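# Chain and residue survey
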Amino acid sequence: MTAPIVIVGAGQAAASFIARHVALSNPRSVLIGEEPHPPYQRPPLSKKYLLGELERERLFIRPLEWYREQNIGLRFDTRVDAIEPDQHRVLTASGESIAYDKLLLCTGSSARRLPDAMGGSLDGVFTLRSIADIDNVASQFQAGRKLLIVGGGYIGLEAAAVARKLGLEVTLLEMAERILQRVAAAATSDYFRELHQGHGVQIHESARLARLFGENGKLRGAELESGAIIDADLVLVGIGASPNIELAQAAGLACDIGIRVNDFCQTSDPDIYAAGDCSCFTRNGQTIRLESVQNAADQGDLVARRLAGEDVRYTALPWFWSDQYDCKLQIVGLNQGHNHTVIRPGAGAASRSIWYYRDDELLAIDAMNEPKSYAFGRKIIEAGISPTPRLVADPMTDLKALAMGK
Amino acid sequence: MATITWKMEDGSEIAADVKNGLNLMEAATANNVPHIEGECGGCLSCATCHVFVDPQWFAKTGEIDDIEDTMLEMTDVEREDNSRLSCQIIASDELDGLVLYVPEPE
């Protein structure tokens, strides 16, 4: 009997792979995950789940019974220690050897932590990445407590919004000149700075953390490089994530900023695929690694199609979203390499969209409470149309007509 | 509790009892309804949970807000008068017996 398809890592990419795989062919497969849960949605963790508005079971992409009904072999709470490509098998920490016909790596990424020397292991310092992270910290999100957020990226900003809603005092540190600097244009940073300040968040940009300090192992506060002291009961570290590529590296697979894959999500070993946060690929001459549901789901889906013999390549247009207070941010495209932006006013004061261009070419759109810019902008980008900045900036321009090439 | 029926283009059907309060995208994926993906988890960003509502039931499924109305413009199969994003339809006793038709992208 042929060995099963083995999936290492039980997140969004794995769930998407399995759903398509089951629908198309369904040879045997085994899913191995380190956490005790079936694949679940991570985006709500820093939003509704932290807020306590969503029960845990509703995070699960499909219920546990579904995997059983599909005869998927399940190994949760199980770490893989090694891949042996020559033997076509993986070895688990519990001592099991599992043979594979094809292997799919969906090992995801891990939240970066502050080093112990900076106080990273004090009691009261946490990251937001898993159900366990939230379950450990949610009870401490109480009105009046002081939360310090290190890092002004999406996770930090989403957590700030939840914390304000729950009545915590929130201070946010960003070491770059502006929040969201790594991922968005200044106009988008300006929007979110104003939004959060309007909700009472203290934002310090160009602020470098020197260390967190405590007493008897318990967090007390933070000292900045400027010498300023900020009291804190809780510190959320939101300074990005690193791809989990150690297994792949040890197995000799080509790695770059992630596990290197081709247009078919295939690694340097043709029987091993990688999908989601852990993988990197080339797009428009640049090596990119995406941390998004879209990328994980689309890559997982693509691998299932490839294994079923479909002639498909990974060309999906990236998209992304974030919810903060009453703002829905929707992003389409990749803004890397842009050299100018255009602001399109929306219908309300809190709605606008930022259009990213490289010369004359439209690359991406950040839409804040502006779903039309997102929905029609997506069609515009997919159609390869680059409307002039003047047209985009004019609120009277009919985006739907533009999307239809009129 | 509501019994919901999803009808596919090939004539096959899936029926399931859905707890009040769950949205019908979640219910569809939990019950293995094909072509309903719900990638964004129901936050109106992906338009991959598009359904056609049986016209007799359409009014009972609730109002379409501006965001849903816009997102319905980007479905794979073009929207019709009875289109909804099923993540925005919430199961309730009033929807017991609801029939949804699932569009199949090319």
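What you are looking at is a predicted structure, and each value in this text was computed from that prediction instead of being measured. (Residues numbered from 1 in each chain as written. Chains lettered and ligands numbered in written order. Predicted model: local features only at pLDDT ≥ 70, side-chain atom pairs only at ≥ 80, totals over all residues.)

### Brief notes about the overall build of chain A
- In terms of regular secondary structure, chain A is built from eleven helices and 26 strands.
- Taken against the 2.2 N^0.38 rule, which gives 22 Å for 406 residues, the C-alpha radius of gyration of chain A at 22 Å falls within 12% of a compact globule.
- Seen through its principal axes, chain A has C-alpha atoms that stretch 65 × 65 × 35 Å.
- Taken across its 406 residues, chain A has 49% of its residues classed as buried.
- Taking contacts inside chain A between residues at least 6 apart in sequence as the whole, the part at least 24 apart equals 60%. (Helix = DSSP H or I, 4+ residues; strand = E, 2+ residues; numbered from the N terminus. Rg over C-alpha atoms; globule rule 2.2 N^0.38 Å. Buried ≥ 20, exposed ≤ 12 C-beta atoms within 10 Å, placed from the backbone. Contact = placed C-beta atoms within 7 Å.)

### Structural notes on the environment of Q286 of chain A
Residue and element names in this part refer to chain A.
- Within the secondary structure, Q286 sits in strand β21 (residues 286-288).
- For Q286, a count of 10 C-beta atoms within 10 Å gives the class exposed.
- Each C-alpha atom of the pair Q286 and W321 lies 23 Å from the other, and the pair is 35 residues apart in sequence.
- Look past the residues within four positions of Q286 in its chain and what remains in contact with it is Q336 and G337.

### Concerning the sheet that holds strand β5 (residues 99-101) of chain B
All names here are of chain B.
- As summarised here, the arrangement of the five strands in space is β2-β1-β5-β3-β4, forming an open sheet in which the pairing is mixed. Each end of this open sheet is capped by a strand with a single partner; those strands are β2 (13-18) and β4 (83-85). Between one strand axis and the next, the sheet turns through 35° on average, direction left out of account.
- Pairing geometry for strand β3 (residues 50-53) and β4, over three bridges, is antiparallel. What sits directly across from H50, in β4, is L85. (Pairing = 2+ DSSP bridges. Axes fitted to C-alpha atoms, helices over the stretch in contact; angles between N-to-C directions.)

### A few points about the pairing of strand β20 (residues 279-283) of chain A
- The pairing of strand β18 (residues 259-260) of chain A with β20 of chain A spans two bridges and is classified as parallel. Following the sheet pairing, I259 of chain A is matched in β20 of chain A by S279 of chain A.

### What to know about helix α8 (residues 293-307) of chain A
All names here are of chain A.
- In this model, α8 (15 residues) spans 21 Å end to end at C-alpha, consistent with the 21 Å of a helix rising 1.5 Å per residue.
- Of all 15 residues in α8, 13 are buried, a share of seventy percent or more.
- Positive phi shows up at G309, right after α8, with a value of about 95°. (Expected span 1.5 Å × (residues − 1).)

### Topic: the interface of chain A and chain B
- If you look at the interface, chain A gives 22 residues, while chain B gives 15 residues.
- Here the element with the most residues in the side of chain A that touches chain B is helix α9 (residues 371-382) of chain A; it accounts for six residues.
- The residue inventory of the side of chain A that touches chain B, partitioned by class, reads twelve nonpolar, three polar and seven charged. (Nonpolar A, V, L, I, M, F, W, Y, C, P; charged D, E, K, R; others polar.)

### A closer look at the domain arrangement of chain A
Residues and elements named next belong to chain A.
- When cut into domains, chain A gives domain 1 (5-110 + 242-307), domain 2 (113-239) and domain 3 (326-403).
- Across the boundary between the two partners, domain 2 contributes six residues, which contact eight residues of domain 3.
- Taken together, the residues that form the side of domain 2 that touches domain 3 break down as five nonpolar, one polar and no charged. (Domains from an automatic or database assignment.)

### A look at the environment of M404 of chain A
- Mapped onto the secondary structure, M404 of chain A falls in the segment after α11 (399-403).
- Placed 155 residues apart in sequence, M404 of chain A and Q249 of chain A show a C-alpha to C-alpha distance of 46 Å.

### Thoughts on the nonpolar core
Residue and element names in this part refer to chain A.
- Ranked by internal contacts, the top residues of the largest apolar core, which has 154 residues, are I7, L104, L105, V235, I259 and A275.
- Examining the composition of this core, we find that eight residues originate from one element, helix α5 (residues 154-165), more than from any other.
- Dropping the residues within four chain positions of it, L105 is found in contact with V8, G9, A248, I259, I272, Y273, A274 and C278. (Core = buried A, V, L, I, M, F, W, Y, C linked by C-beta atoms within 7 Å.)

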